[in-house]
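Next come the chains, spelled out residue by residue.
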Amino acid sequence: WYEDRNLNRKLIMAQEKVILVTGGSGLVGKAIEWVIENDTGRFGRKEGEKWIFLTSKEGDLRSVEATRAIFDKYKPTHVIHLAALVGGLFKNMKYKLDFLRDNLLINDNVLHTAHEHKVQKVVSCLSTCVFPDKTTYPIDETMIHNGPPHESNFGYAYAKRLIDTQNKAYHDQFGDHFTSVIPTNVFGPHDNYDLQDSHVIPGLLHKCYLAKSMYLPLISLFNQNGTPFVVAGSGKPLRQFIYSRDLAKLFIWVLREYNEIDPIILSVGEKDEVSIKDVADSIVKALNFEGNYSFDTSKADGQYKKTASNEKLLRYLPDFKFTPFDVAIKESADWFIENYNTARTGHH
């Protein structure tokens, strides 16, 4: 009986999954951690899974030695690869080579070290910017390599695109199970709210919050309007936004159940596209902002739409429930207000 028990324990130990999440302190990493800890259904923590959320403090993934040291330390059986050098439009335009080289190094080190350590599965995160600039809509998974990406961030886009190429090569040559996902615009708690270098939702949340804080004391003092809340552009462009906690559930599903090497788009449907004006309206509502609110049409709008198809996802998960947009915005706004002093705002 004693021998049996020991053997059973060894078998259980052998079956334990050690899941390493690179970029574990970012927007998506934090959301995965939240779902693992809080979801009571199919996406929450499962027995025999050990989750490790890696931060950049543990080592520079641009260095092959540092990457190997991390894999030697944690001995992952599975990897969710989120780490990347990222930035807003301005940074992408200015540092194309840095974005290309740093991300090529990070991805090559993570994938090759995973291969050397016989990791059972790697799920990497791509971006919708990998798609060709000149394309037809809706975009689907088969179109990634159909033409050059947008000029503004081709360094980052090509580095991300090559993950898909590497995944196929590792699979064809060695049988490795490396795959990738392509989320649309992600938002949620732990976002980057830097006014100079953030994406549209966290940027507008921060702007509206500042407008409101400036506005309240001024109203009481002088009974006049404070800082107006100004949205860059016309408010007309359309985007598909995915709440980080919904995306996290889908990432966990991909890790556990998705068996293709080809990528899968993780997004709300085409009918769930919202305009930037809808976004601003939702933020105004979530923050109970009552001050001036306008659009600066002298500022560029960027691409009018980038509609992606989530048909493939729906074939696998027809009943997946996305969080309603207004609810997700409200949860994100509440988190931001509560954590304003420690959030990534560029102020601290």
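Residues numbered from 1 in each chain as written. Predicted model: local features only at pLDDT ≥ 70, side-chain atom pairs only at ≥ 80, totals over all residues. Heavy atoms only, no water.

Looking at an unreviewed UniProt entry, one finds the chain named GDP-L-fucose synthase, with Acaulospora morrowiae as its source organism. The UniProt entry for the chain carries the following text under Pathway (unreviewed entry): "Nucleotide-sugar biosynthesis; GDP-L-fucose biosynthesis via de novo pathway; GDP-L-fucose from GDP-alpha-D-mannose: step 2/2." Of the chain, the UniProt comment under Sequence similarities (unreviewed entry) reads exactly: "Belongs to the NAD(P)-dependent epimerase/dehydratase family. Fucose synthase subfamily." (UniProt positions renumbered as here; feature names shortened; annotations may be inferred.)

Colleague: So what about the pattern of salt bridges? Which residues, and what values?
Modeller: Per the stated rule, a full pass over the model turns up 19 salt bridges. A salt bridge links Asp 326 to Lys 285, with the shortest nitrogen-to-oxygen separation between them at 3.0 Å. Highlighted residues: Asp 326 in helix α11 (residues 325-338) and Lys 285 in helix α9 (residues 276-286), separated in sequence by 41 residues. A residue is classified by how much of its surface remains accessible, and Lys 285, at 55% relative accessible area, is exposed. One network of salt bridges, with partners in common, ties together Asp 60, Arg 62 and Asp 102. (Salt bridge = Lys/Arg side-chain N within 4 Å of Asp/Glu carboxyl O. Helix = DSSP H or I, 4+ residues; strand = E, 2+ residues; numbered from the N terminus. Buried < 20%, exposed > 50% of the residue type's maximum accessible area, 1.4 Å probe, protein only.)

Colleague: Got a sec to walk through the side chain of Asn 107? Specific residues and values, please.
Modeller: Mapping Asn 107 onto the fold places it in helix α5 (residues 96-116). For Asn 107, the residues in contact, after removing those within four places along its chain, are His 81, Ala 83, Ala 159, Ile 163 and Gln 166. (Contact = heavy atoms within 4.5 Å.)

Colleague: Pulling in residues and values, what's your account of the packing of aromatic side chains?
Modeller: Summed over the entire model, instances satisfying the criterion amount to 22 aromatic pairs. Taken together, a centroid distance of 5.7 Å and an interplanar angle of 35° make the contact between Phe 187 and Tyr 243 tilted. Remark: Tyr 243 occurs in strand β9 (residues 241-243) and Phe 187 occurs in strand β6 (residues 185-187); sequence separation between them is 56 residues. In this pair, the class of Phe 187 matches that of Tyr 243, namely buried. Considering the side-chain rings of Phe 229 and Tyr 293, the 5.5 Å spacing of their centres and the 20° angle between planes classify their relative orientation as stacked. Of this pair, Phe 229 sits in strand β7 (residues 229-232) while Tyr 293 sits in strand β12 (residues 293-296), and the two are 64 residues apart along the sequence. On the basis of relative accessibility, which here comes to 0%, the residue Phe 229 falls in the buried class. Look at Tyr 293 and you get partly exposed, because its relative accessible area is 27%. Ring-pair connections join several aromatic residues into one group, and the members of that group are Tyr 193, Tyr 209, Trp 335, Phe 336 and Tyr 340. Between Arg 245 and the ring centre of Trp 34, over which it is positioned, the NZ or CZ distance is 3.9 Å. (Phe/Tyr/Trp six-rings, centres within 6.5 Å; stacked < 30°, edge-to-face > 60°. Lys NZ or Arg CZ within 6 Å of the ring centre and 35° of its normal.)

Colleague: How would you sum up the side chain of Ser 127? Please name residues and give values.
Modeller: Along the chain, the position of Ser 127 falls in the loop between β4 (121-125) and α6 (154-174). Take Ser 127: its relative accessible area is 15%, and that puts it in the buried class. If we ignore the near neighbours within four places in the chain, the residues touching Ser 127 are Tyr 156, Ile 182 and Pro 183.

Colleague: Describe the nonpolar core, naming the residues involved and giving the relevant values.
Modeller: For soluble globular proteins, nonpolar side chains are generally found buried alongside one another. Ile 32, Trp 51, Ile 80 and Phe 251 are the most contacted members of the largest nonpolar core, which totals 32 residues. Listed by contribution, the elements that provide at least two residues to this core are β1 (17-22), α2 (27-38), β2 (49-53), β4, α8 (244-257) and β10 (264-266). Here the element with the most residues in this core is α8; it accounts for eight residues. (Core = buried A, V, L, I, M, F, W, Y, C linked by side-chain atoms within 4.5 Å.)

Colleague: So, the confidence of the model for the chain: which residues are in play, and what are the values?
Modeller: Taken as a whole, the chain shows an average pLDDT of 91; of its residues, 91% reach a score of 70 or greater. Overall, residues 218-225 carries pLDDT values under 50, and its contacts beyond four positions in sequence, including any with other chains, amount to seven contacts. (pLDDT = per-residue confidence, 0-100.)

Colleague: Can you break down unusual backbone geometry residue by residue, with the values?
Modeller: Across the junction of Tyr 137 and Pro 138, the peptide omega takes the value -5°, indicating a cis bond. Locating Pro 138 in the fold gives a position in the loop between β4 and α6. Not every positive phi belongs to a glycine, and Lys 118 is a case in point at roughly 55°. With respect to the element layout, Lys 118 can be found in the loop between α5 and β4. A residue is classified by how much of its surface remains accessible, and Lys 118, at 71% relative accessible area, is exposed. The residue His 190 is not glycine, and still its phi comes out positive at about 70°. Tracing the chain through its elements places His 190 in the loop between β6 and α7 (200-222).

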